[in-house]
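Reading the structure
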Amino acid sequence: MNIKPRLNADGITIHTSEEFEGMRRSGALAAKILDMITDFIVPGVTTEALDTLIHDYMIDAGATPATLGYRGYTKSSCISLNHVVCHGIPSDKKLKDGDILNIDVTCILDGWFGDTSRMYICGKLSRKAERLIDITHTALMIGIDQVKPGNTFGDIGAAIQAYVEAQRCSVVRDFCGHGLGRVFHSAPNVVHFGRWGTGAVLEEGMFFTIEPMVNLGKPHTKILADDWTAVTKDKSLSAQFEHSIGVTSTGCEIFTNSLSNKFYPTWS
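Residues numbered from 1 in each chain as written. Predicted model: local features only at pLDDT ≥ 70, side-chain atom pairs only at ≥ 80, totals over all residues. Heavy atoms only, no water.

Per an unreviewed UniProt entry, the recorded name for the chain is Methionine aminopeptidase, and the organism is uncultured marine bacterium EB000_55B11. You can read under Subunit (unreviewed entry) in the UniProt record for the chain the words "Monomer." (UniProt positions renumbered as here; feature names shortened; annotations may be inferred.)

What follows is the structure in structure tokens.
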């Protein structure tokens, strides 16, 4: 690979082999944060309290929360409950038995952004929530299976969409994965639906997230008055999993794997 990163013809940064190490460290920290928070997901805890734990852990590790102050956002994580699709703002809202929630964190460590999210269960798991979470996690891994040089970003989206819709669920169209590295969001947009063989061709050295959002009902969303919180229009349950990955010569490396094997399932 080149000594310095470069932009390809599609405006996507191609990173060097040395730069994978920075992403490994930031991704590992992001995963550790989500491992840590697992034991605190109990009825009665507020999402604000969870965010404080996440913030303090990140700071103690020598990192910075990427979301804090980003476009006016005031928290160190996004916590999305039940029919909230993404960008739920931590608050004094208390978790209830049976809630499902996605926690999304991005840390900046030594200038590198590690971005990941996963699902949690508060108390008793309902069958429909379990099914949705299973489908969403499988969809993420099916998308990741498409990541190798020569495939296209359309292949990632097509694989996810085909699987999810075969399960009689829907893929959210309004939000997508993104490039990252030394910046929070960059090219490419990684959509979770599409057509095989379309879009930019994957190249070794690309860094990006795959983060499908799957609804039990229809795919349509709306943004609440806070200008951040996205919810399902039909109030159906929604779930999401996210990994940061880098394209290698033979496939991909997942930077945000849980070394404690807690990425999925987090409630076992």
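Text resumes after the structure shown.
Next up on the list: the sheet that holds strand E5 (residues 84-86). Sheet strands pair via backbone hydrogen bonds, and the direction of the pair is either parallel or antiparallel. On the basis of which strands lie adjacent, the open sheet formed by three strands has the order E5-E14-E13 and antiparallel pairing. Two strands in the sheet have a free side with no partner beyond their single neighbour: E5 and strand E13 (221-223). The average undirected angle you get between the axes of adjacent strands in this sheet is 40°. Pairing geometry for E5 and strand E14 (residues 230-232), over two bridges, is antiparallel. When the sheet's bridge partners are listed, Cys 86 is paired in E14 with Ala 230. (Pairing = 2+ DSSP bridges. Helix = DSSP H or I, 4+ residues; strand = E, 2+ residues; numbered from the N terminus. Axes fitted to C-alpha atoms, helices over the stretch in contact; angles between N-to-C directions.)

Here the focus is the UniProt feature "binding site: a divalent metal cation 2" (unreviewed entry) in the chain. UniProt records the feature "binding site: a divalent metal cation 2" (unreviewed entry) at Asp 115, His 178, Glu 211 and Glu 242, using the numbering of this structure. In summary, the annotated positions, though distributed over 128 residues, converge in three dimensions, the widest C-alpha pair being only 10.8 Å. Structurally, Asp 115 is set in strand E7 (residues 112-121). Polar contacts involving the side chain of Asp 115 include one to the side chain of His 178, which spans 3.1 Å. Tracing the backbone through its elements, the reader meets Glu 211 in the loop between strand E11 (207-210) and strand E12 (213-215). Using a relative accessible area of 7% as the deciding quantity, one classes Glu 211 as buried. Each residue touching Glu 211, except ones within four places of it in the same chain, is listed here: Cys 176, Gly 177, His 178, His 192, Gln 240, Phe 241 and Glu 242. (Polar contact = N/O pair within 3.5 Å; in protein donor to acceptor, adjacent residues only side chain to side chain. Buried < 20%, exposed > 50% of the residue type's maximum accessible area, 1.4 Å probe, protein only. Contact = heavy atoms within 4.5 Å.)

We now examine the state of the cysteines. Enumeration according to the criterion identifies zero disulfides in this entry. In this model Cys 86 remains outside any disulfide bridge; the closest cysteine sulfur is found in Cys 78, 7.8 Å from its own. By relative accessible area, which is 5% here, Cys 86 ends up buried. Of all cysteine sulfurs in the structure, the one in Cys 78 sits closest to Cys 107, which takes part in no disulfide; the separation is 14 Å. (Disulfide = S-S within 2.5 Å.)

With that settled, the discussion passes to the UniProt feature "domain: Peptidase M24" (unreviewed entry) in the chain. As annotated in UniProt, the feature "domain: Peptidase M24" (unreviewed entry) corresponds to residues 21-248 in the numbering used here. As annotated, residues 21-248 has a helix share of 28% and a strand share of 26%, and its two end C-alpha atoms lie 13 Å apart.

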